[in-house]
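Coordinate analysis (summary)
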Amino acid sequence: MADGGGAPASTSEKAWLEAAQAFIQETLCPPGKEPDVQLTQLVIDCVKTVWLSEGRNQGLPLPLSYSFVSVQDLRAHQCLPCCSHLSWSSSAYQAWAQKAGPDGVALPRERLLLLGTLTDLSGDLEQEHKDGSLYVRDNTGILGCELIDLDLSWLGHLFLFRSWSYLPPARWDSSGEGHLELWGAPVPVFPLTISPGPASPTPVLYPETASRLLRHRSRLRDVQPNLAGELVRLSALVSSHRKTYFVLCLGDSSPAVSHVSIVVQVPAQLVWHRVLQPGRAYVLTELRISKIRDHRYRVWTTSPSSRLLPLKPECVQELKLEMEGLVLETDLKPLPMPSNSQDRMGEKSVVQNSKLLTYTGVVTSVLNEPAGLFELDGQLGLCLAYQQFQGFRRVVRPGVSLELQDVHLLQSVGGGTTRPVLASCLGGAVLVRGFSPRKTESQSSHQVHGASLYEQLVWEYQLRLPVYLWATKALEELACKLCPHVLRHHQFLQRSSPGNPSLGMQLLAPTLDTLAPPGGPIRNANKEILEEPHRCPLQKYIRLQTPCSFPALAILKKEGKSRAWASFDPKALLPLPEVSHLPSCRLNQHLAWSWLSLLPSAFHPTQVVVGVLVPSSHKGCLQLRDQSGCLPCLLLARHSQPITDPRLIGCLVRVEKFQLIVERDVRSNFPSWRELSMAGFIQKQQARVYVQFFLADALILPMPRPFPCSAASSRLPQTEPTHPDGPHLGQSRLFLLCHKEALMYRNFCATPGASLEVPKPTLSFHVSGSWLGSTQRKEGTGWGPPELQGDENRNQKVLLIFFGPSVRWFEFLHPGQVYRLVAPGPPTPTLFKEDGSSCISQRPLELAGCASCLTVQDEWTLELEHPQDVPDALDINKILPEPSLSDLLNDNLTGLVSFSAEILSRTLCKPFPAPHWTKHGSTGAVRGCVKLTVAVDTAGCEFPPHLCIYIDRHLPIPLGLLPGARVYFKQLEKRVSRSHNVYCCFQSSTYMRVLSFPPETTISTPLPHIYLAQLLQGHQAPFQATASCHIVSVLSLQLLWVCTHCTSLCRQERCTHRGPACPTQTSISQARIRLLVEDGTAEAVVTCRDHHVAAALGLCPSEWTSLLECVRVPGRVVLYFTGPGAQLESSAKTDEPVTLFLWTLCTSLSVLRPIVLSFELERKPSKILPSEPPRLQRFQCGDLPLLTRVNPRLQLSCISVREPEYPCSLGAFASSC
């Protein structure tokens, strides 16, 4: 085909024209007919006209660089976003691409020519199925499109689209179809016919008259007038009760003129929503008055024959109606709106009103596309969730310009949102004023899935905007925590349905039930759009205080450590009166371990812990795991019961009430208390963070199966068999667990043929128990009967060895429970018999009373069985006898003991010898020892005795050994010291479990006030108490200065230690006094140390300091008082002023006075009773001698000395400091 100018066409032009002819015939001509030469020529002329109109054709009559593209080609082959602008030069495109901004990528340009018919029909569907959408159609297919300024006369006509962009289907779009964005007006291939105006003016009603007409009785229903006016309001396109409609409001720019609403619900007229522009005047023909559902008033609605026309004043004439004589209906007052429960949630909060306005802006960021959250102009939030915006999602992306009609402005919503928010309800419209030049950004999965769930939050849960914004943020936090390695996004953000609740909603439900209790009013679309005054969920709001957050476990762990070290103050951990007398070694030992408990209320906002419960085979403890990492945890059931059900593994845990524990380990070398504020003496510090909570306080949710196949999830242990043969193959055996040993590093013999290298200690534990019956095989979903084997003792005792990956079962195994040991795979007859490869010598088996041992394989699993379901478990609830209190405290008996106790304190003691496998010179060659001081639980004992338990630090210290916690200990080794004190040591065979956590608030209870004679009542006596007594005499007094490093005597501030010089020449004072006190019922020798000596001598701080300074030069002063007259024996010269002063002071009434003494037993707890029997002692009462039996003196240690409430005269040495 030749060019219209008559010049011969070039070869390239001929080829282009031939391709154009073939394309037009295939895609635009009616199929099955002869080639339409006229259509072909019209299309080519249309392309040439547009090409030449811009003057940038570079002398080419045809756009040879452009090729025609069909709808099918776009859908099938164009996988990337693109745009095409006919007649644009490269510089024009570059200038347009600059609008994408520095953070965006402009749509790549493709030289494509697109033609098609613009229609509102989807495929070959009938007219009643129209939903207001626009499409471009050719012979190859149909494609949805968006057009900014539509003219109704364009529908059904063939167009050349000079500027357009194509976006492939988004990940969330289940239809799998992309869409077109048509820039500017399309160019018609055939000239559009302009319909002539009416021959006579059209009679119309204006809004004032139409509004009055609505108030008359129903006999005017048959009136179908035409309405004219300015479009003042346009609602969103709404789908409700299987109908799609929108409402437009005609009126005048003057607010005094009444407005009238018109409902458009005829399917063929829904496309008007794309045509209507607020501020323009229109005529709607053949309207009628109707009663619509859920609305108390009649409204104007369109009829199938209604038309939408632009208002031309010269073509219309106002219709005059006779309104007189018609009875007006009584004005109906609007019913009061029911108050929403979310309005009542903050009665003391200020209820704020949103502002209605019109706003035009550019989307600068997509915050959460499925939730309808965007950013406008970099400073405003935009929420489209309260409209049915799902069909609008494909257009809104950074760079698109929007006009928001009747949008609500909420200034301060809270809930973690700091910027003002614009939110559109159903009564407002969101209009596109300009498409984005930017390419669609790659979206993460949480920005793709969940649209139906967010829609459910608004329409079913009726959330107000502040709560909705918090809920979307919380779901996003949870999705980032759990997806995709723990859970798929579509699984987590799926819509809730009966019998299949959404996992995300289950995690939010406890909080949402408080913020938005169910049972509120159901949102009504008709009332929201039509009723005056306007009422919608966005009209009133209360600023939301963020109820809680769901931090990543790594962030929570980091925050716990940060707070622990921020609150670490050596001076606060060691009270000043005590710390000033501690040598360097004891000072640093007291600082070596401390702990901090953080409750959820300590964080703002309150933290909620969420994670998947998994056991650790490396540490033997339970952990909560999410995407960021893992957090060790300690779980307890109620009533001090342990966690025994392995089915908890892999469950999702949500807990609001917990204790975040941070144990601080500090290695320091402070010379003395004076340097405690200098951080440079801290050599190393590390923290152990874990969370502890009760199972009853947690929400346990089973995870959807199967887990996704990923590297992270593959590490999650399963309780179900994972053998490739399926769960129908396997065998098991029941056993009753009698005892579990401690988790520790043990040596195992090398198997024959193994490497000659010395095997390293392996983290492991042993359990002993009895088999219950024989092996059972898998039959369907259950277990078959036990196999009969004559040579097998079904109740024989067995020792099970757990090491390697099988250590993960440690927290679930507890004495007294029945478990099923499951081995997946084909049955093996001797699978659960003695394992010869374990290399356990016969002697430990004999000591444990076991006939055989068995190593639990890595792939084996455990299941908890109920005792009532196991007929052989007859003695399952039999409690092993525990020693009585007298046996426990008897210093003549040693061995293994069991008891429960409350931990009073935990400190680090002097190092114990290293284990035999530790190499000399290694960093672990010297290890400390953990000392627990506990109060033993005893039935019927008002004052529980105190014991010390020592744990060698080569044993992994279990979680939960904190002051205030109650712990059960089994098979502790009882020992007696040289001073006849009973204490216990942790052994490899010791079993321990925490019974209760430390109380959240510590309540200090005063010590009981007793008579000294009550201490002679044996085990009924308190370990610590207070007594009102009188100091009879001073038995001895010692004041000295010692080196803080080696504790040798210091004279004149110089250490007297012989040998290498101490690294520091710092000295501290120490004091010790022994007093004889009585209260009329018994006598006791009380030992007071350090700052308590000053209180016993009745000296104020300044006098005490002066006295110690006088002792600094000699370095030591020791006084012994013997005999009835308190004879003096001194280590110093008796004529020295210090000695004379102390002798005078100790024999004066300022010391020998009534006091209130708080004390503890010096020898505990085996030597509460005196070692000697009562003795006869003579007393002189005037001239009358008396002879009576007197109990031996008690041995007490001073806790505090204070003056009585009504003290007597203190004598000459009393002074006021």
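Below is a summary of the structure that appears in this document. As the structure is a computational prediction, the values presented were derived from the model and not from experiment.

About the criteria used
- Residues numbered from 1 in each chain as written.
- Predicted model: local features only at pLDDT ≥ 70, side-chain atom pairs only at ≥ 80, totals over all residues.
- Heavy atoms only, no water.
- Buried < 20%, exposed > 50% of the residue type's maximum accessible area, 1.4 Å probe, protein only.
- Helix = DSSP H or I, 4+ residues; strand = E, 2+ residues; numbered from the N terminus.
- Arc of directions from axis to C-beta.
- Polar contact = N/O pair within 3.5 Å; in protein donor to acceptor, adjacent residues only side chain to side chain.
- Contact = heavy atoms within 4.5 Å.
- Salt bridge = Lys/Arg side-chain N within 4 Å of Asp/Glu carboxyl O.
- Core = buried A, V, L, I, M, F, W, Y, C linked by side-chain atoms within 4.5 Å.
- Disulfide = S-S within 2.5 Å.
- Pairing = 2+ DSSP bridges.
- Axes fitted to C-alpha atoms, helices over the stretch in contact; angles between N-to-C directions.

Those residues of helix α20 (residues 1137-1146) not exposed but buried are V1138, T1139, L1142, L1145 and C1146. Looking straight down α20, one finds that the buried residues subtend no more than 135° of arc, so they occupy a single side.

Along the polypeptide, S290 turns up in strand β16 (residues 287-291). In terms of polar contacts, S290 uses its side chain to reach the side chain of T301, at 3.0 Å. The residues contacting S290, other than those within four sequence positions of it, are R298, V299 and T301.

Tallied over the full model, the rule gives 26 salt bridges. One salt bridge in this structure joins E146 and R394, with 3.1 Å as the shortest N-O distance. Highlighted residues: E146 in strand β5 (residues 141-147) and R394 in the loop between β23 (380-383) and β24 (401-410), separated in sequence by 248 residues. Assessed through its relative accessible area of 26%, R394 is described here as partly exposed. Between R495 and E460 there is a salt bridge whose closest N-O contact spans 2.6 Å. Taken together, the residues R495 in the loop between α9 (489-492) and α10 (503-515) and E460 in the loop between α7 (451-459) and α8 (465-482) connect sequence positions 35 residues apart. Shared partners join several salt bridges into a network, and the residues in it are E146, R274 and R394.

All right, on to the environment of Y468 then. As for its position among the elements, Y468 is in helix α8. Judged by its relative accessible area of 0%, Y468 falls in the buried class. Along the sequence, Y468 and A385 sit 83 residues apart, while their C-alpha atoms lie 9.2 Å from each other. For Y468, the residues in contact, after removing those within four places along its chain, are A371, L373, C383, A385, Y386, Y454, L457, V458 and L463.

Within the largest apolar cluster, 62 residues are counted, with the highest numbers of intra-cluster contacts made by L465, Y468, W470 and F492. Per-element tally for this core: the top contributor is α8, with 11 residues. Contact partners of L465, with chain neighbours within four places excluded, come to C383, Y386, L410, V413, V421, A423 and L538. If you look at the next biggest cluster of nonpolar residues, it comprises 51 residues, including C1050, A1082, L1152 and L1161.

A few words on unusual backbone geometry. In this structure, the amide linkage connecting C483 to the following residue, P484, adopts the cis form with an omega of 5°. Note that P484 resides in the loop between α8 and α9. With an omega of -5°, the peptide bond running from H604 to P605 counts as cis. Phi at Q971 takes a positive value of approximately 65°, unusual for a residue other than glycine. Inspection of the secondary structure puts Q971 in strand β47 (residues 966-976). Looking at Q971, the relative accessible area reads 23%, which means it is partly exposed. Its identity as a non-glycine residue notwithstanding, T1047 has a phi of 60°, on the positive side. If you trace the backbone, T1047 turns up in the loop between β50 (1024-1043) and β51 (1050-1051).

All told, the structure shown has 0 disulfides when counted by the stated rule. Of all cysteine sulfurs, the one in C536 lies closest to C425, which takes part in no disulfide; the gap is 3.9 Å.

Let's shift gears to the sheet that holds strand β32 (residues 652-655). Sheet architecture is open: 8 strands sit in the order β28-β33-β34-β31-β30-β29-β32-β35, paired in mixed fashion. The open sheet has two edge strands, β28 (593-598) and β35 (698-701), and neither has a second partner. Direction aside, the axes of adjacent strands within the sheet are offset by 35° on average. Pairing of strand β29 (residues 609-615) with strand β30 (residues 622-626) involves 4 bridges; the strand directions are antiparallel. Residue pairing in the sheet places V612 in a bridge with R625 of β30. Along the sheet, α8 contacts β29, β30 and β32; its crossing angle with β29, the most-contacted strand, is approximately 20°. Sitting on the sheet, helix α12 (residues 553-566) is in contact with β28, β29, β30, β31 (629-636), β33 (659-668) and β34 (682-694), with an inclination near 50° to β33.

Here we come to the side chain of R733. Take R733: it is sitting in strand β36 (residues 730-740). Among the polar contacts made by the side chain of R733, one reaches the main-chain carbonyl oxygen of G773 at a distance of 3.0 Å.

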